[in-house]
Amino acid sequence: MAESRPVRVRFAPSPTGDMHIGGARTALFNWLFAHRYGGKFILRIEDTDQKRTREESLGGILDGLHWLGLQWDEGPDIGGPYGPYIQSERLDIYQKWAQWLVDNGRAYRAYETPEELDEISKANKGMGYDRRGRSLTPDDWARLDAEGRKYVIRFKVPLEGETTVIDLVRGPITVQNEKLQDLVLLKSDGYPTYHLANVVDDHLMEISHIIRAEEWISTAPFHKQLYAALGWQMPAIAHVPVILHPNGGKISKRKHPEAALSYFIQNGYLPEAVTNFLCNVGWNYGVLDEQGNEVQVFTKEQAAAIFDITKVTTSGTKFDVVKLQWLNGEHIRRMPVAELAEKLRRPLEKAGYTVNSDLLLRVTPLIQERIKLLNDVVEVAGFFFREDVIPESPASLIPKKMDAAQTASALQRAYETLAGLPDFAAQTQEAALRPLAESLGLNPGQLFGALRVAVTGKTVSPPLFETMEVLGREVALARIKKAIELLSQPT
Ligand code: GLU
């Protein structure tokens, strides 16, 4: 990096609701950048828009980042040398700098009411505020104050020339200064706007690089002028592209449940898969394997080792949930069994099962290859934790080319065979049941199919003999017995 300052980046969410998946991606890119250059990753809460701030949302942000594994080095909960890290606790700082700008002729008081502003804007052909406050004198202020009118502080943008911001992703972005607005810095209630608080904090917190969402791009030239007026160096800046829904348009929490990070937490995704996936939304890991194919499954630490902000794309990227599900399955397969078992507990308990830890540890390897989402455990392995299983229908017990009576008697023979085995290991079962099928004139698939539905309630399940071994002889036999009874009932 050309920059010689120590790398300090920040994720600066506004706590206005559930964390957006785009916010998660912004946080991740900041984290990757900090780790790439051995810098610091700072969490700052931008809660100065009191109307939109929702208290419960702060906890959601902290939980979301913890879940993603994006630990910050300084932040509201852990403090740090540049705190406080919640903007509503820093109001005096913003007020001081707003006043400094006024004192130095770079900002001014404006006394218009919202209604007056509407009219001004209309008369001004939608060009916004007509800068009339610039001509007020201190005497005018005294008079207006005496009338009890409230004022905001607006920034005095230069009216001539142009402003160029060099975006690390997009290159130079230039605007004509006459297009800039005298935006509000400090509201009449003493709260700063986003612009003032953001600029003041990025400077005071010694942020070296701003990595944020594309939606803020239009504010960058204004911010650059604000830095200049304050006599401060603007951090380097990069805007990361929007995330698009596969059907087109921006992915949005209003329309798409998967736009909220909580969707993935609740639906059995692994944070490792989500961060893996998000690395390739707007950036591309791009490492090739020995066959010359792009490596798809990687960790955020691997990504951080080569993360390059200048290679982030400018165009929006589609959010491919199917790919994410596939990745999730890949991460599940790479997990140590005990760790995966712990993660499978929650969905099972949520589904109402009482989960025995030993049983869960033995079930996990049987399903590790078969699930994409943690929540799939309920469908694929719920029968292990249930007292009884009830086949989807008695008919589902009956294999092709057989009838109820034949199935019942085949199951009865299997029951007897299994009951008489010296042990209940999968291999022992198989070694006895294959010859049994043959002696009954059945193909193995017929007998095993009936057994599978009897012990799992389903036509698709983890491998039959391992499943019965884990269930234990007593449970397996009881279920086979139930199935025989079911088949013997008059229909
Ligand atoms: N508070 C802004 C947001 O929620 C942060 C913008 C920035 O990073 O400068 O998106």
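Engineer: Tell me about the packing of helix α15 (residues 404-419) against helix α19 (residues 473-488), residues and numbers included.
Structural biologist: The geometry of a pair of packed helices is captured by two quantities: the angle between their axes and the separation between those axes. Following both chains from N to C, one finds α15 and α19 inclined at 160°, their axes separated by 9 Å at the closest point. Considering their axes alone, α15 and α19 lie roughly antiparallel with respect to each other. Judged by the twist between their axes, the crossing of α15 over α19 is left-handed. Contact residues: α15 offers A404, T407, A408, L411, Q412, Y415, L418 and A419, while α19 offers R473, L477, I480, K481, A483, I484, L487 and S488. Residues that form the contact of α15 with α19 fall into these classes: 11 nonpolar, 3 polar and 2 charged.

Engineer: Requested: an account of the pattern of salt bridges, with residues and values cited.
Structural biologist: Scanning the entire structure with this criterion turns up 24 salt bridges. Put simply, R44 and D201 hold a salt bridge, and the shortest N to O gap is 3.8 Å. Remark: D201 occurs in helix α6 (residues 194-204) and R44 occurs in the loop between β2 (40-43) and α2 (55-68); sequence separation between them is 157 residues. Each of the two residues, R44 as well as D201, counts as buried. With a closest N to O distance of 2.8 Å, R134 and D182 form a salt bridge. With a gap of 48 residues between them, R134 in the loop between α4 (114-123) and α5 (138-146) and D182 in the loop between β6 (171-176) and β7 (184-186) connect regions that are remote in the sequence. On the accessibility criterion, R134 (25% relative accessible area) is partly exposed. D182 gets classed as buried once you look at its relative accessible area, which sits at 1%.

Engineer: Residue-level account of the sheet that holds β7, with values.
Structural biologist: Spatially, β3-β4-β7 is the arrangement adopted by the 3 strands of the open sheet, whose pairing is antiparallel. Whereas interior strands pair on both sides, the edge strands pair on one side only; in this sheet they are β3 (107-110) and β7. With strand direction ignored, the average angle separating the axes of adjacent strands in the sheet is 45°.

Engineer: Can you break down the packing of aromatic side chains residue by residue, with the values?
Structural biologist: Where two aromatic rings form a pair, the distance of their centres and the angle of their planes describe that pair. All chains considered together, the criterion is met by 18 aromatic pairs. Centre to centre, the rings of W97 and W232 are 4.9 Å apart; their planes meet at 75°, and the pair counts as edge-to-face. Highlighted residues: W97 in helix α3 (residues 91-103) and W232 in the loop between α7 (220-230) and β9 (236-240), separated in sequence by 135 residues. Since its relative accessible area comes to 15%, W97 is described here as buried. Between Y285 and F298, the aromatic rings sit 3.8 Å apart at their centres with planes inclined by 20°, giving stacked as the arrangement. Here Y285 is found in the loop between α9 (271-279) and α10 (300-306), whereas its partner F298 is found in the loop between α9 and α10, with 13 residues between them in sequence. We note R109 situated over the ring of Y151; from NZ or CZ to the ring centre the distance is 4.1 Å. We note R154 situated over the ring of Y129; from NZ or CZ to the ring centre the distance is 3.8 Å.

Engineer: How would you summarise the site of the ligand if you had to cite specific residues and measurements?
Structural biologist: R10, A12, P13, S14, E46, Y194, N198, R212 and W216 make up every residue found near the ligand. Out of a free accessible area of 300 Å², the ligand has 85% covered by protein chains. Cavity membership is defined here by more than half of the atoms lying within 2 Å of grid points; on that basis the ligand lies in the largest pocket. When the residues that make up the shell around the ligand are grouped by side-chain class, the tally is 4 nonpolar, 2 polar and 3 charged.

Engineer: How would you summarise the environment of D201 if you had to cite specific residues and measurements?
Structural biologist: Of the residues examined, D201 reaches a relative accessible area of 0% and is grouped as buried. Taking the C-alpha atoms as reference points, D201 and E46, separated by 155 residues in sequence, lie 9.9 Å from one another. Among residues more than four places away in sequence, those in contact with D201 are R44, Q87, R90, Y94 and E206. In this structure the side chain of D201 is engaged in a polar contact, spanning 2.6 Å, whose partner is the side chain of Y94.

Engineer: Kindly report on the nonpolar core, identifying the contributing residues and their values.
Structural biologist: The biggest cluster of nonpolar side chains holds 109 residues, and the ones touching the most others in it are F319, F384 and M468. Per element, the largest residue contribution to this core is 9 residues, and it comes from helix α1 (residues 21-36). Non-local contacts of F384, meaning those with residues more than four positions away in its chain, are made with L359, V363, L366, P462, T467, V470 and L471. Among the nonpolar cores identified, the runner-up in size contains 36 residues, and Y85, A197, V199 and I207 belong to it.

Engineer: Could you give me a rundown of the pairing of β9, with the residues and numbers involved?
Structural biologist: Among the 5 residues of β9, 5 are classified as buried, and the element is accordingly described as predominantly covered. Judged by which residues are buried, β9 turns out to be covered on both faces: A236, A238 and V240 on one side and I237 and H239 on the other are all buried. Two strands pair when backbone bridges link them, and strand β8 (residues 209-213) and β9 are joined in this way by 5 bridges, in the parallel orientation. Bridge pairing links A213 to V240 in β9. In this fold, the crossover linking β8 to β9 by way of α7 has right-handed handedness.

Engineer: Tell me about α4, and please be specific about residues and values.
Structural biologist: A small share of α4 lies buried, amounting to 1 of its 10 residues. Just downstream of α4 lies K125, where phi reads positive at about 50°.

Engineer: Can you tell me about the pairing of β2, naming the residues and giving the values?
Structural biologist: With 4 bridges connecting them, strand β1 (residues 8-11) and β2 associate as parallel partners. The residue of β2 that forms the bridge with R10 is I42.

Engineer: Explain the side chain of D202 to me, using residue names and the numbers behind them.
Structural biologist: With respect to the helices, strands and loops of the structure, D202 is situated in helix α6. When its relative accessible area of 0% is taken as the criterion, D202 is described as buried.

Engineer: I'd like a rundown of the packing of α3 against α7, residues and numbers included.
Structural biologist: Where α3 contacts α7, the axes come no closer than 10 Å and their chain directions differ by 75°. In terms of orientation, α3 and α7 fall into the roughly perpendicular class. Of the residues in α7, those in contact with W97, W100 and L101 of α3 are L226, A229 and L230. Split into classes, the residues belonging to the contact of α3 with α7 amount to 6 nonpolar, no polar and no charged.

Engineer: Please provide a residue-by-residue account of the side chain of T456, values included.
Structural biologist: Mapped onto the elements of the fold, T456 is located in helix α17 (residues 444-456). Of the residues examined, T456 reaches a relative accessible area of 1% and is grouped as buried. At 2.7 Å, the side chain of T456 and the backbone oxygen of R452 are in polar contact. Engagement of the side chain of T456 in a polar contact is seen with the backbone nitrogen of K458, the distance being 3.0 Å. T456 has contacts with F383, V389, S461 and T467, leaving out every residue within four places of it along the chain.

Definitions and limits used
- Residues numbered from 1 in each chain as written.
- Predicted model: local features only at pLDDT ≥ 70, side-chain atom pairs only at ≥ 80, totals over all residues.
- Heavy atoms only, no water.
- Axes fitted to C-alpha atoms, helices over the stretch in contact; angles between N-to-C directions.
- Helix = DSSP H or I, 4+ residues; strand = E, 2+ residues; numbered from the N terminus.
- Parallel < 35°, antiparallel > 145°, perpendicular 65-115°, else oblique.
- Left-handed = near helix turned anticlockwise from the far one by under 90°.
- Contact = heavy atoms within 4.5 Å.
- Nonpolar A, V, L, I, M, F, W, Y, C, P; charged D, E, K, R; others polar.
- Salt bridge = Lys/Arg side-chain N within 4 Å of Asp/Glu carboxyl O.
- Buried < 20%, exposed > 50% of the residue type's maximum accessible area, 1.4 Å probe, protein only.
- Pairing = 2+ DSSP bridges.
- Phe/Tyr/Trp six-rings, centres within 6.5 Å; stacked < 30°, edge-to-face > 60°.
- Lys NZ or Arg CZ within 6 Å of the ring centre and 35° of its normal.
- Near = heavy atom within 4 Å.
- Areas by Shrake-Rupley, 256 points an atom, 1.4 Å probe, with all protein chains shown as cover.
- 1 Å grid on protein atoms, 1.4 Å probe; cavity = no way out; pocket = protein on both sides within 12 Å on 5 of 7 lines; lining within 4 Å.
- Sits in = over half its atoms within 2 Å of the grid points.
- Polar contact = N/O pair within 3.5 Å; in protein donor to acceptor, adjacent residues only side chain to side chain.
- Core = buried A, V, L, I, M, F, W, Y, C linked by side-chain atoms within 4.5 Å.
- Right-handed = clockwise from strand over helix to strand, strands pointing away.

These figures come from the coordinates and say nothing about function on their own.
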